[in-house]
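Working through the structure, step by step
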Amino acid sequence: MSTLRVGLRCDAGPRRGVGHLVRCLALAEEFLARGAHVAVFGTVERLDWATADLAARGIPLYPGPDTPDGLVEAARRHELDVMVLDSYDLDPAGAGALRDAGVFTLAVIDGDSRGQVADLYLDQNFGAQLPELPGRLLAGSGYALLRDSVITARPQVPPSPTAVSRPRVLAFFGGTDAVGAAPVLTRVLVATGHPMDLTVIVGRPEIEAEVEDVTPGRGQGVRPVPPTTSLPTLITEADLVVSAAGTSTWELCCLGAPAALVCVVDNQRESYHRVVRHGLAAGLGELPELTAAGVAGRAARAAAARTLHGLLSSPQRRATLAGQARSTVDGQGRARVVDAVFDAVRPPTAATL
């Protein structure tokens, strides 16, 4: 049987963030573990750690075609059996063009198929459901795409309530923090007045400068650090994690992290409210509310600070969130997705039935 050849079409950079690339990397690791040949097609801008990750896994990075014809041409040139499309910006007609050309197409979506006609759809968001689609839909956090580094860092048992006088807090908002959330939430955390050791992942120099301008209060320490491959370890060591409600939500759940989330862009809103409503994380509101001027902005920031103070001062509340989150994402989502691809591309022969 010939080696399955898989292409993953995604982009990453300061404007787009890294969520699409991170979940494609998780799929790449699973395909590689099953003997497939994997290549990434797209643009990876100003992200040395990401290009190093690809190189370390032996995954080639090719320029990303943006048009349906370009996608088909790339698939033919590289003799691809499967193409994974993970983008909000590509022409939706690309999926149908690939499918018509005989390339099995998986579209990774977040609540909106954008009219793509694919063989298989994946929406890994908690409680996801979509009306009828042309192909099969894999929906829900049972299909969350997580990298090796997250799966191997998953604790064997849920965390137990532990009282600490100076909690360790980790704040991060995607690989590049494209919307500048870190300084805003650093100020809100400091405003709680609660002692803490706060580590803030700063994706860009200008973000680091703003975080360094925040003056901590008594018993508070603020330490900005650049993006790191040790993020899963930092998450498991933290007493509380503050993050954006994007793809990292499922990493936090898998790792059993007590988390407070911020909705930083519109396409996170529906998933954010579902996650908060079901007790997988605490909600701090939407970033535009937290950055608003006047009375409304002050009220939103004060409410977020009260929520954070409640979490910092209650080990039981943190443990409840962590346990609920961990029970929702088991780390096997990418295996289920790849199983579905193999079942479709390589159905069992008569001899194996």
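What you see is a predicted model; the values in this text were computed from it and never measured.

1. Re the nonpolar core
- Counting 37 residues, the largest nonpolar core has Leu27 and Phe31 as the members making the most contacts within it.
- Top element by residues in this core is helix 1 (residues 19-33). It accounts for eight residues.
- Those residues in contact with leucine 27 that sit more than four places away from it in its chain are Leu8, Val84, Leu106, Leu145, Arg334, Val337 and Val338.
- Listed in part, the 32 residues of the second largest apolar core include Val184, Leu198, Val200 and Leu321.

2. Structural notes on the packing of aromatic side chains
- Under the counting rule described, the total for this entry stands at two aromatic pairs.
- With centroids separated by 6.3 Å and ring planes inclined at 35°, the aromatic side chains of phenylalanine 31 and phenylalanine 342 adopt a geometry described as tilted. Highlighted residues: phenylalanine 31 in helix 1 and phenylalanine 342 in helix 14 (residues 333-345), separated in sequence by 311 residues.
- What makes phenylalanine 31 buried here is its relative accessible area of 0%.

3. Describing the pairing of strand 5 (residues 104-108)
- For strand 5, the buried fraction is high: five of the five residues fall into the buried class.
- What you see with strand 5 is no split at all: Phe104, Leu106 and Val108 on one side and Thr105 and Ala107 on the other are buried throughout.
- In this sheet, strand 5 lies alongside strand 4 (residues 82-85) in parallel orientation, the contact comprising four bridges. What sits directly across from leucine 85, in strand 5, is alanine 107.
- At this point the chain moves from strand 4, through helix 4 (residues 93-100), to the parallel strand 5, and the crossover so formed is right-handed.

4. Things to note about the pattern of salt bridges
- This structure, assessed with the given rule, holds 21 salt bridges.
- A salt bridge links aspartate 66 to arginine 9; the nearest nitrogen and oxygen atoms lie 2.7 Å apart. One end of the pair, aspartate 66, is in the loop between strand 3 (61-62) and helix 3 (68-77); the other, arginine 9, is in strand 1 (residues 5-9), and 57 residues separate them in sequence.
- Looking at arginine 9, the relative accessible area reads 1%, which means it is buried.
- Linked through salt bridges whose partners overlap, the residues forming this network are Glu29, Glu30, Arg34, Asp53, Arg57, Asp148, Arg334 and Asp339.

5. Overview of helix 14
- For helix 14, with 13 residues, the first-to-last C-alpha span of 19 Å sits near the 18 Å given by 1.5 Å per residue.
- Each element contacted by the buried residues of helix 14 is listed here: helix 1, strand 4, strand 5, strand 6 (120-123), strand 7 (136-139) and helix 5 (148-151).

6. A few points about the side chain of serine 271
- Locating serine 271 in the fold gives a position in helix 10 (residues 269-277).
- Side chain to side chain, serine 271 and asparagine 125 meet in a polar contact 3.5 Å long.

7. Considering helix 10
- Among the residues of helix 10, Ser271, Tyr272, Arg274 and Val275 are the ones counted as buried. What you see down the axis of helix 10 is that its buried residues fit within an arc of 165°, all on one side. Among the exposed residues of helix 10, those oriented more than 90 degrees off its buried face are Glu270 and Arg277.
- Of the surrounding elements, those touching the buried residues of helix 10 are helix 9 (248-254), strand 12 (259-263) and strand 13 (282-286).
- Backbone geometry just downstream of helix 10 places glycine 279 in the positive-phi region, at approximately 75°.

8. Examining the packing of helix 6 (residues 181-191) against helix 7 (residues 205-212)
- Between helix 6 and helix 7, the least distance of the axes is 8 Å, while the angle of their chain directions is 15°. In terms of orientation, helix 6 lies roughly parallel with respect to helix 7. As helix 6 runs across helix 7, the sense of the crossing is right-handed. Contacts between helix 6 and helix 7 involve Ala182, Pro183, Thr186 and Arg187 from the first element and Ile207, Glu210 and Val211 from the second.

9. Quick notes on the sheet that holds strand 6
- Spatially, 3-2-1-4-5-6-7 is the arrangement adopted by the seven strands of the open sheet, whose pairing is parallel. Among the strands making up the open sheet, the edge pair consists of strand 3 and strand 7.
- As paired strands, strand 1 and strand 2 (residues 37-41) are joined by five bridges and run parallel to one another. Looking at the pairing, glycine 7 lines up with alanine 39 of strand 2.
- Contacting strand 4 and strand 5, helix 4 runs over the sheet at an angle of about 175° to strand 4.

Cut-offs used in this document
Residues numbered from 1 in each chain as written. Predicted model: local features only at pLDDT ≥ 70, side-chain atom pairs only at ≥ 80, totals over all residues. Heavy atoms only, no water. Core = buried A, V, L, I, M, F, W, Y, C linked by side-chain atoms within 4.5 Å. Buried < 20%, exposed > 50% of the residue type's maximum accessible area, 1.4 Å probe, protein only. Helix = DSSP H or I, 4+ residues; strand = E, 2+ residues; numbered from the N terminus. Contact = heavy atoms within 4.5 Å. Phe/Tyr/Trp six-rings, centres within 6.5 Å; stacked < 30°, edge-to-face > 60°. Pairing = 2+ DSSP bridges. Right-handed = clockwise from strand over helix to strand, strands pointing away. Salt bridge = Lys/Arg side-chain N within 4 Å of Asp/Glu carboxyl O. Expected span 1.5 Å × (residues − 1). Polar contact = N/O pair within 3.5 Å; in protein donor to acceptor, adjacent residues only side chain to side chain. Arc of directions from axis to C-beta. Axes fitted to C-alpha atoms, helices over the stretch in contact; angles between N-to-C directions. Parallel < 35°, antiparallel > 145°, perpendicular 65-115°, else oblique. Left-handed = near helix turned anticlockwise from the far one by under 90°.

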